[in-house]
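Coordinate inspection notes
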Amino acid sequence: MTANKKRERESLSSSLYKYSPLPHFSRLLLSPRLFSFSPEEKKKKLSHSLDRLIAMSLFGLGRNQKTFRPKKSAPSGSKGAQLRQHIDATLGSGNLREAVRLPPGEDANEWLAVNTVDFFNQVNLLYGTLTEFCTPDNCPTMTAGPKYEYRWADGVQIKKPIEVSAPKYVEYLMDWIETQLDDETLFPQRLGAPFPQNFKDVVKTIFKRLFRVYAHIYHSHFQKIVSLKEEAHLNTCFKHFILFTHEFGLIDKKELAPLQELIESIISPY
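Residues numbered from 1 in each chain as written. Predicted model: local features only at pLDDT ≥ 70, side-chain atom pairs only at ≥ 80, totals over all residues. Heavy atoms only, no water.

Counting its regular elements, the protein contains 10 helices and two strands. Helices (α) and strands (β) of the protein occur, in sequence order from the N terminus, as α-α-α-α-α-α-β-β-α-α-α-α. Sorting the 270 residues of the protein into buried and exposed places 50% on the buried side. By sequence separation, contacts in the protein at least 24 residues apart represent 72% of the contacts at least 6 residues apart. (Helix = DSSP H or I, 4+ residues; strand = E, 2+ residues; numbered from the N terminus. Buried < 20%, exposed > 50% of the residue type's maximum accessible area, 1.4 Å probe, protein only. Contact = heavy atoms within 4.5 Å.)

A separate point is the pattern of salt bridges. Where charged atoms of side chains with opposite charge meet at close range, the side chains can pair. For the structure shown, the criterion picks out six salt bridges. For Glu247, the salt bridge goes to Arg97, with nearest N and O atoms at 2.9 Å. Linking Glu247 in helix α9 (residues 231-248) with Arg97 in helix α5 (residues 96-100), this pair joins segments that are 150 residues apart in sequence. A relative accessible area of 32% means that Glu247 is categorised as partly exposed. Salt bridges sharing common partners tie together Glu149, Arg151 and Glu163. (Salt bridge = Lys/Arg side-chain N within 4 Å of Asp/Glu carboxyl O.)

Running from N to C, helix α7 (residues 166-182) and helix α8 (residues 199-227) cross one another at 155 degrees; their axes reach a closest spacing of 11 Å. Comparing the axis directions of α7 and α8 gives the class roughly antiparallel. In this structure, α7 crosses over α8, and the sense of that crossing is left-handed. Facing α7, whose interface residues are Ala166, Tyr169, Val170, Leu173, Met174, Trp176, Ile177 and Gln180, α8 presents Val202, Thr205, Ile206, Arg209, Leu210, Arg212, Val213 and His216. For the contact of α7 with α8, the residue count by class is 11 nonpolar, three polar and two charged. (Axes fitted to C-alpha atoms, helices over the stretch in contact; angles between N-to-C directions. Parallel < 35°, antiparallel > 145°, perpendicular 65-115°, else oblique. Left-handed = near helix turned anticlockwise from the far one by under 90°. Nonpolar A, V, L, I, M, F, W, Y, C, P; charged D, E, K, R; others polar.)

Moving on: helix α10 (residues 260-267). By the burial criterion, the buried members of α10 are Gln260, Ile263 and Ile266. Looking down the long axis of α10, one finds its buried residues gathered within 120 degrees of arc, a one-sided arrangement. Looking at the buried side of α10, the elements it contacts are α8 and α9. (Arc of directions from axis to C-beta.)

The next point concerns the environment of Thr143. When you line up the elements, Thr143 lands in strand β1 (residues 142-143). A residue is classified by how much of its surface remains accessible, and Thr143, at 18% relative accessible area, is buried. Separated by 73 residues in the primary sequence, Thr143 and His216 have C-alpha atoms spaced 5.9 Å apart. Filtering out sequence-adjacent residues up to four positions away, Thr143 remains in contact with Tyr148, Glu149, His216 and Ser220.

And the structure:
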């Protein structure tokens, strides 16, 4: 990993939650004033611990460490970092509609790439806090209410859709997305490197599958979140997700059916 990418990853760790509706003490956990990471090895070792503390503070829960994944850094070198700054600034204004729009003069694929990484990180964190409740016993299939069941296939290792538990589905999904994000022919890390012609199709598949995690959370675990009084944060994350996918036409309407009423309440004011 280059020095620039290391700095960008460390910067992302501190900025990702800066404008999130997390409790104030959670944001302080990432403050450079609170921790001094001088030795490089110490930074690496503390990174996971900080993310774990944030996740626990989000819903007041422990985590299944196996399902927790370090946050991915934004692609495309310095351009990715610039776009991350724009996202932070617009989210900080509280205007989610403005936050999802393509900044003037920017490349649409670069914008999609940076936001894809962000939403992957966000869904990964949200779901990870629920692993104590989303277990093979409690969720033997990946469902979104009684009418919708999702089966897993990646077209490579698993070509025929198979029925798996919800946690296994999410594990397969996160592994698959990480493979896409790490593939530099799909998500270029080098500034100026071209995106493939099928890039938007790949992004659409990623967002379609990330939506299924939200659908499962709302249908199977929302009451648990309400009992913890953390539904406002989940709703804000989902609203941001839906406004972005609506802005760029990333998910077909039929895929949104499990949460259609909630989605309409998000989009209709705009």
